[in-house]
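Inside the fold
Here is how the chains run, residue by residue.
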Amino acid sequence: MTPPVTTDVPDSAAEEDAPFFPAPRTCPFSAPRQYTEFREAGGLHKVAIWDGSRHWLATRHEDIRAVLASPHFSADVRRPEFPLVHSNQREHEGGLFLRLDDPEHARLRKMLTHEFSVRKTRAMSDQLLPVTDELIDAMLAAGGPVDFVKEFALPLPSRAICVILGVPYEDHELFQRHADAGTDLSIPHEERARAHAEAFAYYSELVERKRREPADDMISRLIADHTGPDGFSPEQLPVLVNILVGAGHETTANMLGLGTTALLLNPDQRELLRTRPELAPSAAEEMLRYWGIVSTDPRRVATEDVEIGGQSVRKGEAVIVSLVAGNRDPLAFGPDADEVDIARNARGHVAFGFGTHQCLGQNLARVEMQVAWPRLFARIPDLRLAVDVDALPFKTNSIVYGLESLPVTW
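1. Observations concerning the sheet that holds strand E9 (residues 384-385)
Strands sit in the order E4-E10-E9 across an open sheet of three strands; the sheet is antiparallel. With one partner strand each, in any of the chains shown, strand E4 (146-147) and E9 form the two edges of the open sheet. Both E9 and strand E10 (residues 407-409) contribute to a ladder of two bridges, which runs antiparallel. Paired with Leu-385 across the two strands is Val-408, which belongs to E10.

2. A closer look at the packing of helix H9 (residues 155-165) against helix H18 (residues 362-379)
Direction vectors running N to C along H9 and H18 enclose 135°, while the axes themselves pass 11 Å from each other. On the basis of the axis angle, H9 is oblique to H18. Crossing geometry of H9 relative to H18 is assigned as right-handed. Where H9 approaches H18, its residues Leu-156, Pro-157, Ala-160, Ile-161 and Ile-164 are matched on the opposing element by Leu-364, Glu-368 and Ala-372. Considering only residue class, the contact of H9 with H18 consists of seven nonpolar, no polar and one charged.

3. Thoughts on the side chain of His-45
Position of His-45 among the secondary structure elements: in strand E1 (residues 45-48). Among the residues examined, His-45 registers a relative accessible area of 0% and is labelled buried. In this structure the side chain of His-45 is engaged in a polar contact, spanning 3.1 Å, whose partner is the backbone oxygen of Gly-42.

4. Considerations on the sheet that holds strand E2 (residues 54-58)
Strand pairing in a sheet takes place through backbone hydrogen bonds and is either antiparallel or parallel in direction. Strand order in this open sheet of five strands is E1-E2-E8-E5-E3, and the pairing throughout is mixed. Both outer strands of the open sheet, E1 and strand E3 (73-74), are each paired with one neighbouring strand and no more. Bridging between E1 and E2 involves four bridges; their strand directions are antiparallel. Looking at the pairing, Ala-48 lines up with Arg-54 of E2. In the packing of helix H3 (residues 61-69) onto the sheet, contacts are made with E2, E3, strand E5 (299-302) and strand E8 (318-321), and the angle to E8 comes to roughly 130°.

5. A closer look at unusual backbone geometry
Residue Pro-22 is reached from Phe-21 by a cis peptide bond, and omega for that bond is 0°. Tracing the backbone shows Pro-22 in the loop between helix H1 (11-15) and helix H2 (33-41). Look at the link from Asp-297 to Pro-298: it is a cis peptide, with omega at -5°. Within the element layout of this structure, Pro-298 appears in the loop between helix H15 (280-291) and E5.

6. Here's the deal with the packing of aromatic side chains
For the structure shown, the criterion picks out nine aromatic pairs. Centre to centre, the rings of Tyr-290 and Trp-291 are 5.1 Å apart; their planes meet at 85°, and the pair counts as edge-to-face. Classification of Tyr-290 by relative accessible area gives buried; the value is 7%. Ring geometry for Trp-291 versus Tyr-401: centroids 6.5 Å apart, planes at 35°, classification tilted. Taken as a pair, Trp-291 in helix H15 and Tyr-401 in the loop between E9 and E10 lie far apart in primary sequence, 110 residues in all. You can call Trp-291 buried: its relative accessible area is 0%. One aromatic cluster is present, formed by Phe-29, Tyr-290, Trp-291, Phe-394 and Tyr-401 through successive ring pairs. Its guanidinium or amino end placed over the ring of Phe-333, Arg-289 lies 5.4 Å from that ring's centre, counting from NZ or CZ.

7. A closer look at the pairing of E2
Counting buried residues in E2 gives four out of five residues, a clear majority hidden from the surface. Hairpin geometry of E1 and E2 is characterised by an intervening segment of five residues between the two adjacent antiparallel strands and by a positive phi of about 90° at Gly-52. In this structure, E2 lies alongside E8, joined through three bridges in parallel fashion. Bridging across to E8, Ala-58 finds its partner in Val-321.

8. Here's the deal with the pattern of salt bridges
According to the stated counting rule, one finds 26 salt bridges in the structure shown. Between Arg-107 and Glu-104 there is a salt bridge, with its nearest N and O atoms 2.8 Å apart. On the criterion of helical spacing, the pair formed by Arg-107 and Glu-104 is a turn pair, its members being three residues apart in helix H5 (residues 104-113). It is possible to trace a salt-bridge network through shared partners that takes in Glu-115, Lys-120, Asp-216 and Arg-221.

9. Quick look at helix H10 (residues 172-183)
Because each turn of an α-helix spans 3.6 residues, side chains separated by three or four positions end up pointing in the same direction. In a regular helix each residue adds 1.5 Å, so 12 residues correspond to 16 Å; H10 covers 16 Å between its end C-alpha atoms and thus fits that length. Of the positions making up H10, those classed as buried are Phe-175, Gln-176, His-178, Ala-179, Ala-181 and Thr-183.

10. As for the nonpolar core
Residues Val-167, Phe-232, Met-287, Trp-291 and Trp-373 are the most contacted members of the largest nonpolar core, which totals 83 residues. The element best represented in this core is helix H13 (residues 236-265), accounting for 11 residues. Look past the residues within four positions of Val-167 in its chain and what remains in contact with it is Cys-162, Phe-175, Tyr-202, Leu-206, Ile-219, Val-241 and Val-245. Counting residues in each nonpolar core, the second largest holds 15 residues, with Leu-44, Ala-302, Leu-323 and Val-350 among its members.

The rules behind these values
Residues numbered from 1 in each chain as written. Predicted model: local features only at pLDDT ≥ 70, side-chain atom pairs only at ≥ 80, totals over all residues. Heavy atoms only, no water. Pairing = 2+ DSSP bridges. Helix = DSSP H or I, 4+ residues; strand = E, 2+ residues; numbered from the N terminus. Axes fitted to C-alpha atoms, helices over the stretch in contact; angles between N-to-C directions. Parallel < 35°, antiparallel > 145°, perpendicular 65-115°, else oblique. Left-handed = near helix turned anticlockwise from the far one by under 90°. Contact = heavy atoms within 4.5 Å. Nonpolar A, V, L, I, M, F, W, Y, C, P; charged D, E, K, R; others polar. Buried < 20%, exposed > 50% of the residue type's maximum accessible area, 1.4 Å probe, protein only. Polar contact = N/O pair within 3.5 Å; in protein donor to acceptor, adjacent residues only side chain to side chain. Phe/Tyr/Trp six-rings, centres within 6.5 Å; stacked < 30°, edge-to-face > 60°. Lys NZ or Arg CZ within 6 Å of the ring centre and 35° of its normal. Salt bridge = Lys/Arg side-chain N within 4 Å of Asp/Glu carboxyl O. Expected span 1.5 Å × (residues − 1). Core = buried A, V, L, I, M, F, W, Y, C linked by side-chain atoms within 4.5 Å.

Shape descriptors only; they carry no functional weight alone.
The following block contains the structure:
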């Protein structure tokens, strides 16, 4: 086990054997073993990222929340010290409101919060239920086995975010390809840049179309109410829509696939949800906690000297947080934190981050899961894996953890 690194240790010694981040999940159902060891040892630890640079890693739930809530850390990827996720990140995300610091970040974010409010997203339940039934009908008509990711987990959130934003769902294969290019860490720099340029061209044309022919959707409202000197610039809006479409379906699709897998492998939990659908909200929170699907973010740079978990972090040093390790912290979620319990009070999880930058679309993701799982197991109570669990193809080199496919039958 690597001991906590302190500022009394010379940099050369502290960084000599820093493990690589992100570490692979040797077991697809648990946090990387190295992170678990770090969390148990306490404090921050040095890790090396793809470009060879070394940074602090926070793995304890308490430390993660402290970093993400602190005003003394910056989320701005334009800072030269920022630990980039990949070589294109500064080019593609620099200046995007998601990567700005307050008060500018808060000012721009406020223009979007109404669209993703609890009240507005909960009102979508009535729209999501018939879509859920339609997808289940299609699965039943096709007969098993089917790929649950392709036939259910991807189309449900894709259709939801398309309705909200006003993006044509018939283009879903196009924006799915763009989203894959943005999250797959194995994609070369040139290919990622090409996909980003294609996405920008597509969303620029869509924004212009909405400008000419506004409708009752989020893009039209953003153009009417929040563009110009005090809002989003013409260059920012297509990038923003691209981010919202990708985040709005990619992460939830992965959660639907992973959560369904966990319920299939824990039949007592599946039956509990089937017989007590009122547990759907806590089931969604528990799955978010259990999986912790964001593998590489958040990352922050200290804007002044600060102490986290007993470790002094100097101004200009970066801290990466491991959400998956924090969400399995027994000090926060009990000694059984590595197990699935849909009745657990898991609302303190950090799956959506924490602080002012936490996920904008979290309320929508919650509603989609709360609608999908009770309906799925009510209509197909004998749903089961069509392959051995060891044959499931988990994503091993992606910003967002998930399954490539999920063969199921009944």
